[in-house]
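Now for the letters of each chain:
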Amino acid sequence: MLNTNYREFDAKAIQLYDDTYSEEYREFDYKYVVSPDYAHFAPVVKKITKSFTDPIKVLEIGCGTGRYFHVLENTEELTGIDISESMLNMAKEPVRSSDVKVPIINLIQGSVFEHDFGTEKFDFIFSIGVLGEHTPLPQDLCHKIYNLLNDGGCFYFTVVDIDDRKNVKRKIAEAAYPFLPARIKQVLDKRWESNYFTKAELIEHMKVGPFDAFEVSNYKADNSGWTGAHHECIGYKGNNLTKRFFE
Ligand SMILES: C[S@@+](CC[C@H](N)C(=O)[O-])C[C@H]1O[C@@H](n2cnc3c(N)ncnc32)[C@H](O)[C@@H]1O
């Protein structure tokens, strides 16, 4: 069961990503950029941005401390939105700042759910470790993101793979679920509400959503900072339906 009410999660994110936690996050940035997880995610962002033939506008949702700003290629303007002012303060001096090649960087403090981007459009939108994790990813947001993309653009994002987090007790309860009385099913449905996705849920979400094509992959973290696995997804808009980035 997927959560849809983002407001409680926005409030939690503001509380969690305070000055102290943002400083810890920045400390970890230095370890992160030499980790296998960085070696996985950074090339995906690089490869996608390199694939555009003209200079592009990029939006990063939940940009945090600006971990990936330096891997953006071919980017004339980057907009980073984050709900945490403390994280954005770190992003003013992004990770590996001397390698950042983007001439214009706009940092917006706010929730991606609430912020009005007006008539702005982007060629590439990405979000790592935010949606389907700290916040839900309801269809309303998929439509908002799709409408923010230029034709030929794409949206790369990660969500937490919930199957990787299930313990034996949960797996047994799920196997027994079809045989349980309705009122117990209701209790379990409520308890199991989550921002995280199974692979089947993500595929179904993308099938009924606005994107014209999509691809899904999976990456299990190396446990150096975070334990678990993410589904990765790229949603495409319009005339780029032959592009594919996951091998
Ligand atoms: C795990 S961090 C990821 C930061 C960055 N993407 C990275 O990979 O280092 C999650 C970030 O999402 C931000 N965030 C959470 N909810 C948000 C929302 N509704 N709108 C914008 N940013 C949000 C948090 O403030 C935090 O900086």
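A quick note: this is a predicted structure, and the numbers were derived from the prediction, not measured.

Some points on the site of the ligand
Part 1 of the argument: The local shell around the ligand holds 21 residues, among which Ala13, Gly62, Gly64, Ser84 and Gly129 are the closest.
Part 2 of the argument: Of all elements in the fold, only helix H1 (7–16) and strand S2 (75–82) reach the threshold of two or more residues within the shell around the ligand.
Part 3 of the argument: Its residues placed into classes, the shell around the ligand shows 11 nonpolar, seven polar and three charged.

Topic: the pairing of strand S4 (residues 122–127)
Part 1 of the argument: Most of S4 sits out of view: six of its six residues are buried.
Part 2 of the argument: As paired elements, strand S1 (residues 56–61) and S4 share three bridges and run parallel to each other. Along S4, the bridge assignment pairs glutamate 60 with phenylalanine 126.
Part 3 of the argument: Bridge count between S4 and strand S5 (residues 149–160): five bridges; the pairing is parallel. Paired with phenylalanine 124 across the two strands is cysteine 154, which belongs to S5.

Let's talk about unusual backbone geometry
Glycine aside, the phi torsion of most residues is negative, and most peptide linkages are trans.
Part 1 of the argument: Despite not being glycine, asparagine 74 has its phi angle at roughly 60 degrees, a positive value.
Part 2 of the argument: Tracing the backbone shows asparagine 74 in the loop between S1 and S2.
Part 3 of the argument: The phi dihedral of arginine 96 falls on the positive side, at around 50 degrees, and the residue is not glycine.
Part 4 of the argument: With respect to the helices and strands, arginine 96 occurs in the loop between helix H4 (85–91) and strand S3 (104–109).
Part 5 of the argument: On the basis of neighbour counts, which here come to 15 C-beta atoms within 10 Å, the residue arginine 96 falls in the partly exposed class.

Definitions and cut-offs
- Along each chain, residue indices are assigned from 1 in the same order as the chain's sequence is written.
- Per-residue local features are limited, in this predicted model, to residues with pLDDT of at least 70; the limit for side-chain atom pairs, both in listing and counting, is 80 or more; totals at the level of whole chains, interfaces and linings are taken over all residues.
- Placing the C-beta atom from the backbone, one calls a residue near a molecule or strand if that atom lies within 6 Å of it.
- Put simply, DSSP H or I for four residues or longer makes a helix, DSSP E for two residues or longer makes a strand, and each gets a number counted from the N terminus.
- Each residue gets one of three labels, nonpolar for Ala, Val, Leu, Ile, Met, Phe, Trp, Tyr, Cys and Pro, charged for Asp, Glu, Lys and Arg, and polar for the others, Gly among them.
- Put simply, a residue is buried when 20 or more other C-beta atoms lie within 10 Å of its own C-beta and exposed when 12 or fewer do; between those, it is partly exposed, and each C-beta is set from the backbone.
- Whether two strands pair comes down to DSSP finding at least two bridges between them.

By themselves, these observations are geometric and do not establish any function.
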